[in-house]
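A closer look at the structure
Read off the chains here:
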Amino acid sequence: MSVLSFFMWCENSAIGDAIRTSKWLFPFIEAVHLLGLAVIGGAVLIVDLRLFGLNLRGQPVAQLARDAQRWLLVSLAILVPTGVLMFLSEATKCYYHPAFWMKMSALLLAIIFTFTVKRKVALADEAHMRPLWYKLVALTSITLWSLVGIGGRWIGFS
Amino acid sequence: MSLLSLCQWLANTSWSIGIHESRYGYSIIESVHVLTLCLFLGLAVMLDLRLLGVSLRGAPVYEVVEQLLPWMKAGFAVMAVSGILLFTAIPVRTYQNIFFRLKVIMLIAAAVNVWVFHSTVYRKVADWGTSARPPRRARIAAGLSLALWAGIVIAGRMIAYNWFDCDRKQSAVMTFMESCGPPAPDE
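Structural notes, computed from the coordinates.

Secondary structure assignment for chain B yields 10 helices and 0 strands. Counting from the amino terminus, chain B carries its helices and strands in the arrangement α-α-α-α-α-α-α-α-α-α. Along the first, second and third principal axes, the C-alpha set of chain B runs to 65 × 35 × 30 Å. The buried share among the 187 residues of chain B stands at 28%. Contacts spanning at least 24 positions in sequence make up 77% of the contacts within chain B whose residues lie at least 6 apart.

In structure tokens form, the structure reads like this:
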């Protein structure tokens, strides 16, 4: 089964069909997806700004990262299911849209980076971390997550 | 001069026509408006979660407020400017749109909520700012803020849809709520 035929199968599934034919479902799912976007933005930025030394400098990085990670997971629990539902309703369009592949690649990299490198650096003993490492990690994180967001917005322009 | 005629005047300005007719202008402004949610609303949510006592419990509330506020203000400025430009591009239809009207009402409510919070319970933040669980009034303000902003985002997204536009057949209630005016004679 090729990727394209799998995507077509997704689009023709009962769920994909129900969302596509409903007037309200897609807009509502998309709006909830946007709420998740706001939460993930906050959870990512509050740590990245701290790593840049631009806010909450009085707070330990590790504690801030642990607090933020929970809300990052909450936001993903909102974003992923709503994203999958939107995908199901227009999977074939996604297949031919460069933004979809750009977003998914960036998302994969962002998730791997966040839960490996960024997590390790943020939870490490601050006394032994060089500020430059923090800044590089923050820059990479903001760049990757921005690509995910921009890619997502771009999928909507068909 | 009525609000409607103000919008009609706005629609004929070079700014409105320029954004409306630009190939990419509207899309770019709209993308900036949506993605700035991450900065403004994202940090507002982090602050509200602290006020609810469910996150950043080790950080004093006044420190979180002081540290996040400059970023939230910068984000809000971008959202306000881009939002005003989006309105400018399509003023008459947006002014009548029911979701836009709901959004404005909720924005005003959110502003009142912030004002009440800052002029009452936050004045005594020195007394409670370090406690993991802020007083009830602070938690209510945070909960209201989260609910209102969720409503604002959802209503904002729905402005794009024309289900209830005045140029389509609407119920009497909707016609009244959107101050549609009499239908065009050829309808």
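A general feature of soluble globular proteins is that nonpolar side chains tend to end up buried together. The biggest cluster of nonpolar side chains holds 61 residues, and the ones touching the most others in it are A38(A), A43(A), I46(A), V47(A), A68(A), L37(B) and L43(B). Secondary structure elements with two or more residues in this core: α3 (25-51), α4 (61-89), α6 (98-123) and α7 (131-155) of chain A together with α4 (37-52), α5 (61-89) and α9 (136-158) of chain B. In terms of residues, this core owes the most to one element, α3(A), which gives 13 residues. If we ignore the near neighbours within four places in the chain, the residues touching V47(A) are L64(A), A65(A), A68(A) and A122(A). Membership of the second largest hydrophobic core comes to 7 residues, among which are F7(A), L88(A), C94(A) and F100(A).

In this section: α9(B). Its 23 residues place the ends of α9(B) 33 Å apart at the C-alpha level, agreeing with the 33 Å of an ideal helix rising 1.5 Å per residue. Those residues of α9(B) that sit buried are A138(B), A141(B), A142(B), S145(B), L148(B), W149(B), V153(B), I154(B), A155(B), G156(B), R157(B) and M158(B). Looking at the buried positions of α9(B), the neighbouring elements they touch are α3 of chain A together with α4 and α7 (98-119) of chain B.

With that out of the way, let us pick up unusual backbone geometry. All names here are of chain B. Positive phi values are uncommon outside glycine, yet L56 reaches one of about 50°. Although it is not a glycine, S179 sits at a positive phi angle of roughly 35°. Here S179 lies in the segment after α10 (172-177). Judged by C-beta crowding, with 13 C-beta atoms within 10 Å, S179 ranks as partly exposed.

On the chain A side, the residues contacting the 28 residues of chain B number 25 residues. Elements with a minimum of two residues in the side of chain B that touches chain A: α3 (25-35), α4, α5 and α9 of chain B. Looking at which element gives the most residues to the side of chain B that touches chain A, the answer is α4(B), with 9 residues. By residue class, the composition of the side of chain B that touches chain A is 20 nonpolar, 6 polar and 2 charged.

Quick reminder: α-helices carry 3.6 residues per turn. Residues three or four places apart thus point the same way. Given a rise of 1.5 Å per residue, 27 residues ought to cover 39 Å, and the 39 Å separating the end C-alpha atoms of α3(A) matches this to within 8%. Immediately downstream of α3(A), the backbone of G53(A) shows phi near 80°, a positive value.

On to the packing of α3(A) against α4(B), then. Two elements in contact, α3(A) and α4(B), have axes separated by 7 Å at closest approach and are oriented at 80°. As summarised for this structure, α3(A) and α4(B) are arranged roughly perpendicular, according to the angle between their axes. On α4(B), the residues that touch L34(A), L37(A), A38(A), V39(A), G41(A), G42(A), L45(A) and I46(A) of α3(A) are L37(B), C38(B), L39(B), L41(B), G42(B), L43(B), V45(B) and M46(B). Counted by class, the contact of α3(A) with α4(B) contains 13 nonpolar, 3 polar and no charged residues.

Rules of the game
Residues numbered from 1 in each chain as written. Chains lettered and ligands numbered in written order. Predicted model: local features only at pLDDT ≥ 70, side-chain atom pairs only at ≥ 80, totals over all residues. Helix = DSSP H or I, 4+ residues; strand = E, 2+ residues; numbered from the N terminus. Buried ≥ 20, exposed ≤ 12 C-beta atoms within 10 Å, placed from the backbone. Contact = placed C-beta atoms within 7 Å. Core = buried A, V, L, I, M, F, W, Y, C linked by C-beta atoms within 7 Å. Expected span 1.5 Å × (residues − 1). Nonpolar A, V, L, I, M, F, W, Y, C, P; charged D, E, K, R; others polar. Axes fitted to C-alpha atoms, helices over the stretch in contact; angles between N-to-C directions. Parallel < 35°, antiparallel > 145°, perpendicular 65-115°, else oblique.

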